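Chain residues, written in single-letter form:
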Amino acid sequence: MYQSGLTIKDALEAVSKNHYVLPAIQREFVWKPEQICRLFDSLMQGYPFGTFLFWKVEPEKSSDFKFFGFVQNYHERDAAHCPELGTLPNRELTAVLDGQQRLTALNIGLRGSMAIKEPNKWRTNPNAFPKRTLHLDLMAVRGDDDEGEAFRFRFMEAQKAATDDQAMWYPVPDILTIPNAAKLSQWLYGKMAARSIAADSVVFNRASDALHQLYQVVHVAPNLTFYTEKSQELDRVLRIFIRMNSGGTVLSYSDLLLSIAVAQWSKLDARQEIHSLVDDLNRVGAGFNLSKDFVLKAGLMLADVASVGFKVENFNRANMGTLEKVWSDVRRATILTVELAASFGLSEQTLRADSALLPIAYYLFKRTPPDNWLGHPSYATERERIRSWVIRSLLKSSGIWGSGLDTLLTALRDVIRAEHTTFPGEALEKVMAGRGKSLSFGPEEVDDLLDIEYGDRRLFPLLSLLFPFIDVKQLHHIDHFFPKSQLQRRKLEKAGCDAAYIEQCLAVRDRLANLQLLEGLLNVSKNDSLPGTWMAKTYPDAASRQVVLDRHLLGVAPANHSEFLPFFSARRERLREKLLAILA
């Protein structure tokens, strides 16, 4: 029987006291800020909130299971995981089996904050994750937008919200501390008086209605309807959990499989180990964006599970027991693989397909290289063989790592298992070619590569393949050799170029033949200088300047706008010849 009568305030008090907890089989919090805003808007509009499934854990059983708390102050990089609560002996607990995302969203919105990475900022930048709390604009005109939003909820930095003269942002967490509705009126009178807004005005009434509706939703309305499962058998609870969640579109299948792995590991904490490994991998080099899906797939592959597919039968107790036994070696090989990828200049921005790393991880798992393998010159040839293979696989427009991935990975694993004293690049390519995934490039494919444009994730690996002498472990930018700012329509017109020439320049300015890898500091100093001027200033010695031009296949550095297209065409042909030699 479902029960009702629970308010949001009551539920969050239970969360704050760890009376409501999350079982280890639960997934992580996955909602985005805008989803939380939509949830609060739905509550304010009186939409159905959905039901919850709780699991009552008896005091004598509470120490038998592992539990986690609810996320409160979410930080995408530093605090994205549910906090571990340790053992909770002799306590009656309520574990949430269905409704975690909604309760966590309420917990963040009413008791915490969110810090999401801003676009175009590196994950290593401490200022890339500003702390924002949920606010409600009391002055916003209520009405449906295109998506049915009636109330304007936004996650905002406190200072920006306080200084916004075009709105009146109410910090939503403050509503929990309000003892009664009368206090809201006192607060609102003060705020409105400070803005010289009359108490009988339309704006005042609108703000009052919104504020009191928020109070009603949080403190008074019995919004939560729930069912409580009382069985103490984990197998039954796990079956209920999967039955309740597997039909959802937000919950990925890998989340359920991780839940099964968590329940079946006996010595190690699977949840902590997997999430810890994901975090460690993403901190390597300039930063990656690998997921638990990648780590789970790596676990299946390296533990030699029959197939690497995300299938329930692959996550049986025997397979998970094998994975737990070799976990330390899986962890070492996976971290070494990502460190190797970082040494190739790959990162979150340039790694086009995470799955390309899995065969490398399996090779290193079987190879068990010495601790100095990554940097010692004696292993340079082996590392270069791996680099060439993975870069070429990432350049294929057809997508080597797309359809048929599981069967491809299984076949590549068979090759490496049979031959892992050195990286079997040729044998791997033969198997791939037999499956219609050749790593050779015909003339048409090379022409397609020559026409890829700035912003394409294949650019960095392609440039690193063309110019292997560049130390990509150092920060390099993809730079327009002839600055893009100089190839704007107005600049070209001012330089006296005719209309046809201008259109050709605009069409090709962002393509490969006008791009290079340039050290970060050099790129900053280059700014929008014309190539001829900048090269002469940066390399005053004519012989040294010519060496740089030759090594980068630049030919002659254009001195003015009219020389751009001849430069572009000549360099494109030089790049074409080199790519055919490398990739054929």
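Only a predicted model underlies this, so the values are computations on that prediction, with no experimental measurement involved. (Residues numbered from 1 in each chain as written. Predicted model: local features only at pLDDT ≥ 70, side-chain atom pairs only at ≥ 80, totals over all residues. Heavy atoms only, no water.)

**Quick word on unusual backbone geometry**
Selection rule: Only DSSP runs of H or I with at least four residues qualify as helices, and only runs of E with at least two residues qualify as strands; both kinds are numbered from the N terminus onward.
Positive phi outside glycine occurs at Asn90, with the angle close to 55°. Relative to the assigned elements, Asn90 resides in the loop between strand E5 (73-75) and strand E6 (93-98). Even without a glycine there, the phi angle at Asp304 is positive, about 60°. Locating Asp304 in the fold gives a position in the loop between helix H10 (292-302) and helix H11 (317-325).

**A look at the pairing of strand E3 (residues 51-57)**
Convention followed: For the exposure calls, accessible area comes from a 1.4 Å probe over protein chains only, and a residue counts as buried if that area is under 20% of its type's maximum, exposed if over 50%, partly exposed in between. For two strands to count as paired, DSSP must find a minimum of two bridges between them.
For E3, the buried fraction is high: five of the seven residues fall into the buried class. Relative to strand E11 (residues 224-229), E3 runs parallel, the two being bridged by five bridges. Bridge pairing in E11 places Phe52 opposite Phe226. When E3 meets E6, the two strands line up antiparallel, connected through five bridges. From the neighbouring strand, Trp55 faces E6, where its bridge partner is Ala95.

**Topic: the sheet that holds strand E10 (residues 169-171)**
Put simply, the rule is: Orientation is described by axes fitted as lines to C-alpha atoms, over the contacting stretch for helices, and by angles from 0 to 180 degrees between their N-to-C directions. Contacts are residue-level and defined by heavy atoms, with any inter-residue pair within 4.5 Å sufficient.
The sheet built from three strands is open, its strands ordered E9-E8-E10 with antiparallel pairing. Both outer strands of the open sheet, strand E9 (153-156) and E10, are each paired with one neighbouring strand and no more. Between one strand and the next, the sheet's axes are offset by a mean angle of 40°, whatever the strand orientation. Here four bridges tie strand E8 (residues 133-137) to E9, and the two strands are oriented antiparallel to one another. Each residue of the ladder has a partner; that of Leu136, found in E9, is Phe153. Each of E8 and E9 touches helix H2 (residues 33-44); the most contacted strand, E9, lies at about 145° to it.

**Section: the packing of aromatic side chains**
Here is the rule: Two rings from Phe, Tyr or Trp (for Trp, the six-membered ring) form a pair when their centres sit within 6.5 Å of each other. Planes less than 30 degrees apart are called stacked, planes more than 60 degrees apart edge-to-face, and all others tilted. Here, a charge over a ring means that NZ of Lys or CZ of Arg falls within 6 Å of the ring centre while also lying within 35 degrees of the ring normal.
Summed over the entire model, instances satisfying the criterion amount to 18 aromatic pairs. Geometrically, the ring pair formed by Trp534 and Tyr539 is edge-to-face, given 6.4 Å between the ring centres and 90° between the ring planes. Among the aromatic residues, those joined into a cluster by ring pairs are Tyr20, Phe49, Phe52, Phe54 and Phe226. Here Arg102 stacks its cationic end above the ring of Phe49, 6.0 Å away from the centre of that ring.

**Observations regarding empty space enclosed by the protein**
Put simply, the rule reads: Cavities and pockets were defined on a 1 Å grid built from protein atoms only: a cavity is a group of points that admits a 1.4 Å probe but offers it no way out, a pocket is an open group of points flanked by protein on both sides within 12 Å along at least five of seven lines, and a lining residue is one with an atom within 4 Å of any such point. Grid points are joined across faces, edges and corners, and a volume is the space filled by probe spheres set on the points. Three categories are distinguished: nonpolar for Ala, Val, Leu, Ile, Met, Phe, Trp, Tyr, Cys and Pro, charged for Asp, Glu, Lys and Arg, and polar for the others, with Gly belonging to the last.
Applying the stated criterion across every chain, the model contains two cavities of 30 Å³ or more. Each pocket or cavity is described by its volume, and for the largest cavity that value is around 50 Å³. Per-element tally for the lining of the largest cavity: the top contributor is helix H17 (residues 443-450), with three residues. By residue class, the composition of the lining of the largest cavity is three nonpolar, one polar and four charged. Of the pockets and cavities examined, the second largest cavity occupies roughly 40 Å³. If you go around the second largest cavity, the residues you meet are Ala261, Trp265, Ile274, Val295, Leu296, Leu323 and Trp327. Partitioned by chemical class, the residues of the lining of the second largest cavity number seven nonpolar, no polar and no charged.

**Side note on the packing of H10 against helix H13 (residues 357-367)**
As a reminder, the rule being used: Our angle categories are set so that under 35 degrees counts as roughly parallel, over 145 as roughly antiparallel, 65 to 115 as roughly perpendicular, and the remainder as oblique. Should the near helix be turned anticlockwise from the far one by less than a right angle, the crossing is termed left-handed; should it be turned clockwise, right-handed.
Relative orientation of the contacting elements H10 and H13 amounts to 45°, with a least axis distance of 10 Å. Comparing the axis directions of H10 and H13 gives the class oblique. Considering how the two elements wind past one another, H10 and H13 form a crossing that is right-handed. Side by side, H10 and H13 meet where Phe294, Lys297, Ala298, Met301 and Leu302 of the first sit next to Leu357, Leu358, Pro359, Ala361, Tyr362 and Phe365 of the second.

**Topic: the sheet that holds E11**
Strand pairing within a sheet occurs via backbone hydrogen bonds; the two strands may be parallel or antiparallel. Pairing within the open sheet is mixed, and its six strands lie in the order E1-E11-E3-E6-E2-E4. Edge positions in the sheet fall to strand E1 (3-6) and strand E4 (67-68), since each of these pairs with one other strand and no more. Where strand E2 (residues 20-23) and E4 come together, two bridges link them in antiparallel fashion. Bridging across to E4, Pro23 finds its partner in Phe67.

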